[in-house]
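Below, each chain spelled out in residue letters.
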There are 2 protein chains.
Amino acid sequence: MSPGHTGVTTAGLFDSREECGIRDVLDRLGDKWSVQVVVELSRGVRRFRELQRALPGGISQRMLTLTVRRLERDGMVSRTVHPTVPPRVDYELTETGRSLAHLIRTLTDWSLRHHDEITDHRVHWDAANPGSGIR
Amino acid sequence: MSPGHTGVTTAGLFDSREECGIRDVLDRLGDKWSVQVVVELSRGVRRFRELQRALPGGISQRMLTLTVRRLERDGMVSRTVHPTVPPRVDYELTETGRSLAHLIRTLTDWSLRHHDEITDHRVHWDAANPGSGIR
DNA sequence: CGGAATCCTACGTGATACTG
DNA sequence: CAGTATCACGTAGGATTCCG
């Protein structure tokens, strides 16, 4: 092992080309709102408007509907309609959804640990590569 | 605790509204190629064309350039230019990049564990919600 | 070989209006 | 309240061409 190496190897980390089914999960993590919705629902049951108001940045009705529908379709969120007037709809994480919340926690932990490092590196890289257009 | 509960709680999993710096990382994980590039580089040093041919699905030159540049900007990948003719450029994971590879391994593990479950749930949901347009 | 520059298209997202 | 329906827009990504 080379001098100064801290011991993080990745040699046999990924067996074969097994990235096939992973796209689905990464697409959800990558879209603009799913992670925030799961995080908010990890704090408890939420109604539609409740959820909307809780999300920082201000999600539109349309996008919140799309986001919770997709999460429901994947089995991460349960949707309970109360036949009252005015209507009341409760959203809650399923067992799988709670597992996803823990995965997201792992992600945020990693992000927090490396955030400053990444930001600093970007500043230096941008200074060394003026007008590259990369973002 | 309710009967039948398997013990996965998420009550105090996320302290406050700490999703601020996480967007950067999620954007990289969410785009189409970054994860595949990191996975391929976790197997060893790669040249530009080498990397391009290794990625299933066929990445364009443009997108490979953008992807490795962004990873380089974030400090995940090092880029070494050999001043020969024809030119030779080597890409390699940095220490932080190898840490990211391990995080991605955690993601793929979770995906593989829940892939069948998610797929099955989608089939049933699509059958129960015909013509919803949700994907 | 390893790009950069340009053009083009599809899709995710936002804003607004309407409904049961 | 909890949506649905439409339109409008920006940008990620693909295809192509040219360069050192």
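### Concerning the nonpolar core
Counting residues in hydrophobic clusters, the biggest one holds 60 residues, and the most contacted among them are Leu29 of chain A together with Leu29 of chain B. Among residues more than four places away in sequence, those in contact with Leu29 of chain A are Val35, Leu100, Ile104 and Leu107 of chain A together with Arg23, Leu26 and Leu107 of chain B.

### Describing the sheet that holds strand β2 (residues 77-82) of chain A
Residues and elements named next belong to chain A. Strand order in the open sheet made by the three strands is β1-β3-β2, with antiparallel pairing throughout. The sheet is open, and its two borders are formed by β1 (46-47) and β2, each paired with just one other strand. As defined by bridge partners, β1 adjoins strand β3 (residues 88-93) across two bridges and the pair is classed as antiparallel. Bridge assignment links Arg47 to a residue of β3, and that residue is Asp90.

### Things to note about the protein's contact with DNA strand C
Neighbouring DNA strand C are 20 residues, the closest being Arg62 of chain A together with Arg49, Gln61, Arg79 and Tyr91 of chain B. In DNA strand C, the atoms that sit within 4 Å of the protein are 65% sugar and phosphate, with bases accounting for the remainder. In the environment of DNA strand C, a phosphate oxygen lies 2.9 Å from a nitrogen or oxygen atom belonging to the backbone of Arg49 of chain B. Within the residue set of the surface near DNA strand C, elements represented by two or more residues are α4 (61-73) of chain A together with α3 (48-54), α4 (61-73) and β3 (88-93) of chain B. Looking at which element gives the most residues to the surface near DNA strand C, the answer is α4 of chain B, with four residues. Of the residues contributing to the surface near DNA strand C, the split by class is eight nonpolar, two polar and 10 charged.

### Some remarks on α4 of chain B
Every α-helix carries 3.6 residues per turn, so stepping three or four residues along brings you back to the same face. Relative to the 18 Å expected for 13 residues at 1.5 Å per residue, α4 of chain B spans 18 Å between its end C-alpha atoms, a close match to the ideal helical length. Burial in α4 of chain B covers these residues: Leu64, Thr67, Val68, Arg70, Leu71, Glu72 and Arg73 of chain B. Where the residues of α4 of chain B are buried, they touch α5 (95-128) of chain A together with α1 (22-30), α2 (34-41), α3, β2 (77-82) and β3 of chain B. Directly beyond the C-terminal end of α4 of chain B, a positive phi value near 85° is found at Gly75 of chain B.

### Remarks on the side chain of Thr96 of chain B
One can find Thr96 of chain B in helix α5 (residues 95-128). Those residues in contact with Thr96 of chain B, other than ones at most four positions away along the chain, are Trp110, His114 and Glu117 of chain A together with Gly75 and Met76 of chain B.

### Some remarks on the relation of the copies chain B and chain A
When chain B is fitted to chain A, the residual RMSD is 0.1 Å, and the transformation amounts to a turn of 180° plus an axial shift of 0.0 Å. What the rotation and shift describe, once combined, is the action of a two-fold rotation axis. For chain B, the smallest separation between a C-alpha atom and the rotation axis is recorded for Gly30 of chain B, amounting to 1.8 Å. Here 100% of the interface residues in chain B have copies in chain A that are interface residues too; the copies meet face to matching face.

### A closer look at the interface of chain B and chain A
If you look at the interface, chain B gives 67 residues, while chain A gives 68 residues. Carbon and sulfur atoms make up 59% of the area that chain B and chain A hide from each other, which totals about 6,500 Å². Looking only at chain B, the three residues that lose the most surface to chain A are Phe14, Arg73 and Arg122 of chain B, adding up to 13% of its buried area. The interface formed by chain B and chain A contains six salt bridges. The salt bridge involving Asp24 of chain A is made with Arg122 of chain B; its shortest N-O contact spans 3.3 Å. The interface formed by chain B and chain A contains 24 residue pairs in polar contact (both at pLDDT 80 or more).

### Description of the sheet that holds β3 of chain B
Residue and element names in this part refer to chain B. Overall, antiparallel pairing links the three strands, which are arranged β1-β3-β2 in an open sheet. One side of each edge strand has no neighbouring strand; the edge strands of this open sheet are β1 (46-47) and β2. Bridge count between β2 and β3: six bridges; the pairing is antiparallel. Along β3, the bridge assignment pairs Arg79 with Tyr91.

### Focus on the layout of surface pockets
Its boundaries defined by the atoms lining it, the second largest pocket holds a volume of some 160 Å³. In terms of lining residues, the second largest pocket is bounded by 12 residues, among which Thr10 of chain A together with Ser42, Glu92, Leu93 and Arg98 of chain B are the most central. Per-class residue counts for the lining of the second largest pocket are four nonpolar, five polar and three charged.

Reading the values: the criteria
Residues numbered from 1 in each chain as written. Chains lettered and ligands numbered in written order. Predicted model: local features only at pLDDT ≥ 70, side-chain atom pairs only at ≥ 80, totals over all residues. Heavy atoms only, no water. Core = buried A, V, L, I, M, F, W, Y, C linked by side-chain atoms within 4.5 Å. Buried < 20%, exposed > 50% of the residue type's maximum accessible area, 1.4 Å probe, protein only. Contact = heavy atoms within 4.5 Å. Pairing = 2+ DSSP bridges. Helix = DSSP H or I, 4+ residues; strand = E, 2+ residues; numbered from the N terminus. Near = heavy atom within 4 Å. Polar contact = N/O pair within 3.5 Å; in protein donor to acceptor, adjacent residues only side chain to side chain. Nonpolar A, V, L, I, M, F, W, Y, C, P; charged D, E, K, R; others polar. Expected span 1.5 Å × (residues − 1). Least-squares fit on C-alpha atoms with pLDDT ≥ 70 in both. Buried area = accessible area lost by both parts, 1.4 Å probe. Salt bridge = Lys/Arg side-chain N within 4 Å of Asp/Glu carboxyl O. 1 Å grid on protein atoms, 1.4 Å probe; cavity = no way out; pocket = protein on both sides within 12 Å on 5 of 7 lines; lining within 4 Å. Points joined across faces, edges and corners; volume = space filled by probe spheres on them.

Nothing here speaks to function; it is all geometry.
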